[in-house]
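Observations on chain architecture
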Amino acid sequence: MTMTQRIESFDIMKGIGIILMIVAHTMGPDNRLWDYIYAFHMPLFFVVTGYFYKQDPLPKLLKKNRDQLLIPYIVLCIVIVILSQIRQPHNICTDIIISFNGMGPGWFLLAMFLVRLEFHYILKMFPNNYLIISLIISTIVCFIANYHDIPSFLSFFPSLVGMFFVAIGYYIRIHSLLEFDKKYPFIYISLGLIFWFITSIFGKVEMFHCVFKLSIIDICGSLGGTFLIYKLSKLIDNGNNGIKTILSQAGRYTLVILFFHSIDYCIYVWYIFEPLFPSSIRLFVILVIRLL
């Protein structure tokens, strides 16, 4: 597989991830589909980030992160605050406080900004043990979060949890493990399915709240789901059809889609459909409009 093909596969992978996120947000946590999607969809993005991570000098990393993540998040918060005031005037300090805790799905931008800096230092201090150090840090945060609410300020703790998934992605690239399952694909796909199902049915994954109910098992379930989406992305990449084009484009513009979906998520206007459609049809209509 060439590097170009790998990038295309990852674009498709991210495209699937962002679409599933919109589906989950539309269906809501009471829908069983939520658990299957949440089992892996946020860890997936951290793994992909790790795969393409480059250890740049700190000033260059800061500038890149500022332009790609921090400034868009600040703009996102300003837009949401203005729109929320237009919709229903209220104390603007409330919105400002919320923005520091992560404005809707936009929390991911803050978490990604921090995790790249955190991983930079972990990689610098522990060049040979970054994977185990990242796992220890992420596991400790998850263990605490399973029993106590932890502050969501600046998405700091979610970034610490995401660091292990970034480390996994980086490890896969550095050690050329993308095709590790080549010899026994059926076994690895079966294991991925088993762990994903266990996490979806018995566990719970909430990246923003740092909750991995079954601890290491849920982490394995997240990695299993991510692996399955990668295999699906490769299958789609081997074709040449409209689905591949749509998913690839969605993957290339994931952050743009996240930006607008965060506005849609925080400034909820779909109540206008309530008198027009029954609840089941209403969800379907909202989902189609959101995806479009």
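Up top is the structure.
We now turn to the structure provided with this report. Just so it is clear, the model here is predicted, and its values are computed rather than measured.

1. Quick word on the nonpolar core
Proteins that are soluble and globular tend to have nonpolar side chains buried together. In terms of nonpolar packing, the biggest core is built from 75 residues, with F46, F108, F119, M207 and F212 touching the most fellow members. Of the residues forming this core, the biggest block, 13 residues, is contributed by helix α6 (residues 107-125). Other than its neighbours up to four places away in sequence, F119 contacts Y53, Y130, S134, M163, V166, A167 and Y170.

2. Topic: the packing of helix α4 (residues 58-87) against helix α12 (residues 254-266)
Contact geometry of α4 with α12 gives a least axis separation of 10 Å together with a crossing angle of 25°. The orientation of α4 relative to α12 falls into the category roughly parallel. Viewed along their axes, α4 and α12 form a crossing whose handedness is right-handed. Across the interface between the two elements, Q68, L69, P72, V75, L76, V79, I80 and L83 from α4 touch L255, F259, S262, I263 and C266 from α12. The residue inventory of the contact of α4 with α12, partitioned by class, reads 11 nonpolar, two polar and no charged.

3. What about helix α3 (residues 41-51)?
By the criterion of burial, α3 is predominantly enclosed, with 11 of the 11 residues buried. Those residues of α3 not exposed but buried are H41, M42, P43, L44, F45, F46, V47, V48, T49, G50 and Y51.

4. Topic: the packing of aromatic side chains
Under the criterion given, the structure shown has 28 aromatic pairs. Summarising the aromatic geometry, the rings of Y130 and Y170 are spaced 5.5 Å apart at their centres and angled 75° between planes, so their arrangement reads as edge-to-face. Taken together, the residues Y130 in helix α7 (residues 130-145) and Y170 in helix α8 (residues 156-174) connect sequence positions 40 residues apart. Taking relative accessible area as the criterion, Y130 reaches 6% and is therefore assigned buried. Given the relative accessible area of 12%, Y170 is considered buried. Judged by centre distance (5.2 Å) and plane angle (70°), the rings of F156 and F157 are edge-to-face. We classify F156 as partly exposed; its relative accessible area is 36%. The partly exposed category is assigned to F157, whose relative accessible area is 25%. Connected via pairs of aromatic rings, a cluster forms that spans F45, F46, W107, F108 and F208.

5. Topic: the pattern of salt bridges
In this structure the tally under the stated criterion is nine salt bridges. Measuring nitrogen to oxygen at the nearest pair gives 3.6 Å for the salt bridge that ties R252 to D11. In this pair, R252 sits in helix α11 (residues 242-252) while D11 sits in helix α1 (residues 3-27), placing the two residues 241 residues apart along the sequence. Under the relative-accessibility criterion, R252 is labelled partly exposed at 42%. Put simply, K231 and D181 hold a salt bridge, and the shortest N to O gap is 2.8 Å. Of this pair, K231 sits in helix α10 (residues 216-237) while D181 sits in the loop between α8 and α9 (185-202), and the two are 50 residues apart along the sequence. Like K231, the residue D181 is buried in the burial classification. Linked through salt bridges whose partners overlap, the residues forming this network are E8, D11 and R252.

6. Points about unusual backbone geometry
Phi at S155 is positive, roughly 55°, even though this residue is not glycine. Turning to its location among the elements, S155 is positioned in the loop between α7 and α8. The phi angle at S176 is positive, at roughly 50°, despite the residue not being glycine. Its place among the elements puts S176 in the loop between α8 and α9.

7. Re the environment of I219
Among the structural elements, I219 can be located in helix α10. Owing to a relative accessible area of 6%, I219 belongs among the buried residues under this scheme. Linking I219 and Y230, residues 11 residues apart in sequence, is a C-alpha distance of 17 Å.

Calculation notes
- All residue numbers refer to position in the chain's written sequence, counted from 1.
- Given that this is a predicted model, residues contribute local features only at a pLDDT of at least 70 and side-chain atom pairs are listed and counted only at 80 or more, while totals for whole chains, interfaces and linings are drawn from all residues.
- No hydrogens and no water enter the side-chain calculation; it runs on all heavy atoms of the structure.
- Definition of nonpolar core: a set of buried residues of the types Ala, Val, Leu, Ile, Met, Phe, Trp, Tyr and Cys, connected through side-chain atoms within 4.5 Å.
- Only protein chains enter the area calculation, which uses a 1.4 Å probe; residues under 20% of their type maximum are buried, those over 50% are exposed, and those in between are partly exposed.
- Secondary structure elements follow DSSP: runs of H or I no shorter than four residues count as helices, runs of E no shorter than two count as strands, and numbering proceeds from the N terminus.
- Whether two residues touch is decided by their heavy atoms; if any such pair falls within 4.5 Å, the residues are in contact.
- Interaxial angle, 0 to 180 degrees, is taken between N-to-C directions of lines fitted to C-alpha atoms, where a helix line uses only the stretch in contact.
- In these notes the angle categories are as follows: under 35 degrees is roughly parallel, over 145 is roughly antiparallel, 65 to 115 is roughly perpendicular, and the rest is oblique.
- Two helices cross in a left-handed way if the nearer one is turned anticlockwise from the farther one by less than a right angle. They cross in a right-handed way if the turn is clockwise.
- Under the convention adopted here, Pro, Cys and the residues Ala, Val, Leu, Ile, Met, Phe, Trp and Tyr are nonpolar, Asp, Glu, Lys and Arg are charged, and Gly plus all remaining residues are polar.
- Centres within 6.5 Å are what make two rings of Phe, Tyr or Trp a pair, Trp counting through its six-membered ring; a difference in plane orientation under 30 degrees is then read as stacked, over 60 as edge-to-face, and the rest as tilted.
- Salt bridges, as used here, are contacts in which a Lys or Arg side-chain nitrogen is within 4 Å of a carboxyl oxygen on Asp or Glu.

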